[in-house]
There are 2 protein chains.
Amino acid sequence: MSNEAVWDRPEPPSKPSPTPLSRDLIVSAAIRLADEGGLDEVSFRKVAAALNAGPMRLYGYVETKDELLDLMVDEVYGEITPPAKSADWREGLRHVAHGVRDAAKRHEWFIDLLSNRPHQGPHALTHMETTLAAVRFDDIDQVLDVVGAVMAYVFGAVRGEITELRAERSSGLTEEQWQRASGPYMQRMLATGRFPTLARVMHESSDRDSAVRFETGLGYVLDGIATRHNPA
Amino acid sequence: MSNEAVWDRPEPPSKPSPTPLSRDLIVSAAIRLADEGGLDEVSFRKVAAALNAGPMRLYGYVETKDELLDLMVDEVYGEITPPAKSADWREGLRHVAHGVRDAAKRHEWFIDLLSNRPHQGPHALTHMETTLAAVRFDDIDQVLDVVGAVMAYVFGAVRGEITELRAERSSGLTEEQWQRASGPYMQRMLATGRFPTLARVMHESSDRDSAVRFETGLGYVLDGIATRHNPA
DNA sequence: GTATCGCTCGATACACTGTATCGCTATGAG
DNA sequence: CTCATAGCGATACAGTGTATCGAGCGATAC
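Report on the accompanying structure. (Residues numbered from 1 in each chain as written. Chains lettered and ligands numbered in written order. Predicted model: local features only at pLDDT ≥ 70, side-chain atom pairs only at ≥ 80, totals over all residues.)

1. Overview of the overall build of chain A
Then comes step 1: The secondary structure content of chain A amounts to 10 helices and zero strands.
Then comes step 2: Helices (α) and strands (β) of chain A occur, in sequence order from the N terminus, as α-α-α-α-α-α-α-α-α-α.
Then comes step 3: The contacts of chain A with a sequence gap of at least 6 include a subset with a gap of at least 24, amounting to 65%. (Helix = DSSP H or I, 4+ residues; strand = E, 2+ residues; numbered from the N terminus. Contact = placed C-beta atoms within 7 Å.)

In structure tokens:
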């Protein structure tokens, strides 16, 4: 019933055992499972089985499944490299943005764990710290606004990319956007004439690289910030 | 096994029954449950019970739980009013942004269903159509980029707001951001001195209205778009 | 060396999930 | 009135997170 967060509770001392365990082992096993088969593959039974242990054994290291997920998320934050100290705010934020995007693409489940609870693990905190520190504006409220807006865009954009990716994967591989439109339902919908702009998008838009689209959007946000808070 | 989407399958004809059923009834019961108790409250058993029916009865109207969730999502899209035809792109996008934010705040579970699968219900499609149509640029690729960026920001920002809201709710109501920092773990972390900027944010930043923060970020994005695609 | 304590591990159990199966029933046809 | 059919929903199954608690074992006390 300890009301403390995972980050507060020390790991239990390692006991001699045929199959040793630790938070690290558990978390990386869980991450491996999630990377390979999605979040559904992460259950106490399956994680424990991957470590040759009984499901209940995990409760010595982790109080709840949500805690395990928190630990997984924090591990991902740990993979994101901080921006160079010498970088100006624009460079710094672009670095962070791409760092988050890359990490989220390596671990597609990451984006699904965003709205669960706030990310307050040590790695998440240092990630927040270095990101905030990359914006050296005088007004701290402006720093918060700027970082908040960039992160909102990044998370939203990455979520979109991952969703699209999943959709393509689940309905015939290597299909392009307009290809999905040829599903019988979509085709009929577009044929109704009620969605002229959508139809134009489907037929006329060039399907561009997702990385380019991400960059373009990021450019909008950074440009907008620049117009408001020009170098003092 | 019909491989068609929900949107493709007509509703079964209504049979005379002591407790009549329809997709609408099911979906609105599910939405009511989700609004009140979160997505966990939405199970076939509970939804059916709310309609005085057995769980299996629902399968006549909906093939799978994911389909039910799709229908719920589409219903939310239906609540968002389209921008006025007379509005310019900036006005139009701001209208849509606030529409989405308001809807997502009314139905906090909405944001959790974003990464499941693409939203292709009729209401989602008309929402997409009117949003795209609000941006009358010549280059259709630019329209996509612009709408994509704004939507990415909106979804990301709303997700952040909801997460924060949930955190506050789950750890003592009416607590402010810095208040959370006084949890023993956070306080100790900040005391290490490893997070100077974060500490400054916690202590010095004025806790502003979330609607204002949303507006500020949205302003960045729209300004950035304006600098790139000025009124032709 | 033995006995006892205490603690940890994990088998079992419980409540819940989504959904496949399939016997009953109730309606419609002849 | 009898029979066929179709849909409803009770039952069942495999899975989930986790509470409980008995067994076994290591350490300590005498």
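2. Considering the relation of the copies chain B and chain A
Then comes step 1: When chain B is fitted to chain A, the best match, at an RMSD of 0.0 Å, comes from turning it 180° and sliding it 0.0 Å along the axis. When the rotation and shift are considered jointly, the pair of chain copies conforms to a two-fold rotation axis.
Then comes step 2: When the interface residues of chain B are mapped onto chain A, 100% of them again lie at the interface, so the same face is used by both copies. (Least-squares fit on C-alpha atoms with pLDDT ≥ 70 in both.)

3. Here we look at the interface of chain B and chain A
Then comes step 1: Taken residue by residue, the interface counts 59 residues in chain B and 60 residues in chain A.
Then comes step 2: At the level of secondary structure, the elements contributing two or more residues to the side of chain B that touches chain A comprise α5 (122-133), α6 (140-170), α8 (184-191), α9 (196-204) and α10 (210-228) of chain B.
Then comes step 3: Top contributing element to the side of chain B that touches chain A by residue count: α6 of chain B, with 19 residues.
Then comes step 4: Taken together, the residues of the side of chain B that touches chain A sort by class into 31 nonpolar, 14 polar and 14 charged. (Nonpolar A, V, L, I, M, F, W, Y, C, P; charged D, E, K, R; others polar.)

4. Quick word on the nonpolar core
Then comes step 1: Core analysis: the largest hydrophobic core is formed by 123 residues, its most contacted members being A30 and Y153 of chain A together with A30 and Y153 of chain B.
Then comes step 2: Residues within four places of A30 of chain A in sequence aside, it is in contact with V42, V47, L68 and M72 of chain A. (Core = buried A, V, L, I, M, F, W, Y, C linked by C-beta atoms within 7 Å. Buried ≥ 20, exposed ≤ 12 C-beta atoms within 10 Å, placed from the backbone.)

5. Re the protein's contact with DNA strand D
Then comes step 1: Around DNA strand D sit 14 residues, and of these S43 and K65 of chain A together with G54, M56 and R57 of chain B come closest.
Then comes step 2: Looking at which element gives the most residues to the surface near DNA strand D, the answer is helix α2 (residues 44-50) of chain A, with three residues.
Then comes step 3: A per-class count over the surface near DNA strand D returns five nonpolar, four polar and five charged. (Near = placed C-beta within 6 Å.)

6. Considerations on the protein's contact with DNA strand C
Then comes step 1: As a structural note, the neighbourhood of DNA strand C is formed by 14 residues, with G54, M56 and R57 of chain A together with S43 and K65 of chain B the closest of them.
Then comes step 2: With three residues, the single largest contributor to the surface near DNA strand C is helix α2 (residues 44-50) of chain B.
Then comes step 3: Residue classes in the surface near DNA strand C are distributed as five nonpolar, four polar and five charged.

7. Some points on helix α4 (residues 89-106) of chain B
All names here are of chain B.
Then comes step 1: An ideal rise of 1.5 Å per residue puts 26 Å on 18 residues; α4 measures up with 26 Å between its terminal C-alpha atoms.
Then comes step 2: Within α4 the residues assigned to the buried category are W89, G92, L93, V96, A97, V100, R101 and A104. Projected down its long axis, α4 shows its buried positions confined to an angular sector of 165°, all on one face.
Then comes step 3: In the core, the buried residues of α4 are packed alongside α5, α6 and α10. (Expected span 1.5 Å × (residues − 1). Arc of directions from axis to C-beta.)

8. So, helix α10 (residues 210-228) of chain A
Then comes step 1: With 19 residues, α10 of chain A should reach 27 Å at 1.5 Å per residue; the first-to-last C-alpha distance of 28 Å fits that figure.
Then comes step 2: For α10 of chain A, the set of buried residues is R213, F214, G217, L218, Y220, V221, L222, G224 and I225 of chain A.
Then comes step 3: In this structure, the buried side of α10 of chain A is in contact with α4 (89-106) and α6 (140-170) of chain A together with α6 and α10 of chain B.

9. Concerning unusual backbone geometry
Residue and element names in this part refer to chain A.
Then comes step 1: Here the phi dihedral of N52 falls at roughly 55°; this positive angle occurs in a residue that is not glycine.
Then comes step 2: Its location among the elements puts N52 in the loop between α2 and α3 (65-79).
Then comes step 3: The class for N52 is exposed, based on 10 C-beta atoms found within 10 Å.

10. Digging into the environment of M189 of chain A
Then comes step 1: Checked against the element boundaries, M189 of chain A lands in helix α8 (residues 184-191).
Then comes step 2: Along the chain, M189 of chain A and T64 of chain A lie 125 residues apart, while their C-alpha atoms are 45 Å from each other.
Then comes step 3: Residues contacting M189 of chain A, with those up to four places away along its chain left out, are F195 of chain A together with L125 of chain B.

11. Quick word on the environment of A199 of chain B
Residue and element names in this part refer to chain B.
Then comes step 1: Looking at the secondary structure, you find A199 in helix α9.
Then comes step 2: Owing to 17 C-beta atoms within 10 Å, A199 belongs among the partly exposed residues under this scheme.
Then comes step 3: With 22 residues separating them in the primary sequence, A199 and V221 have C-alpha atoms 28 Å apart.

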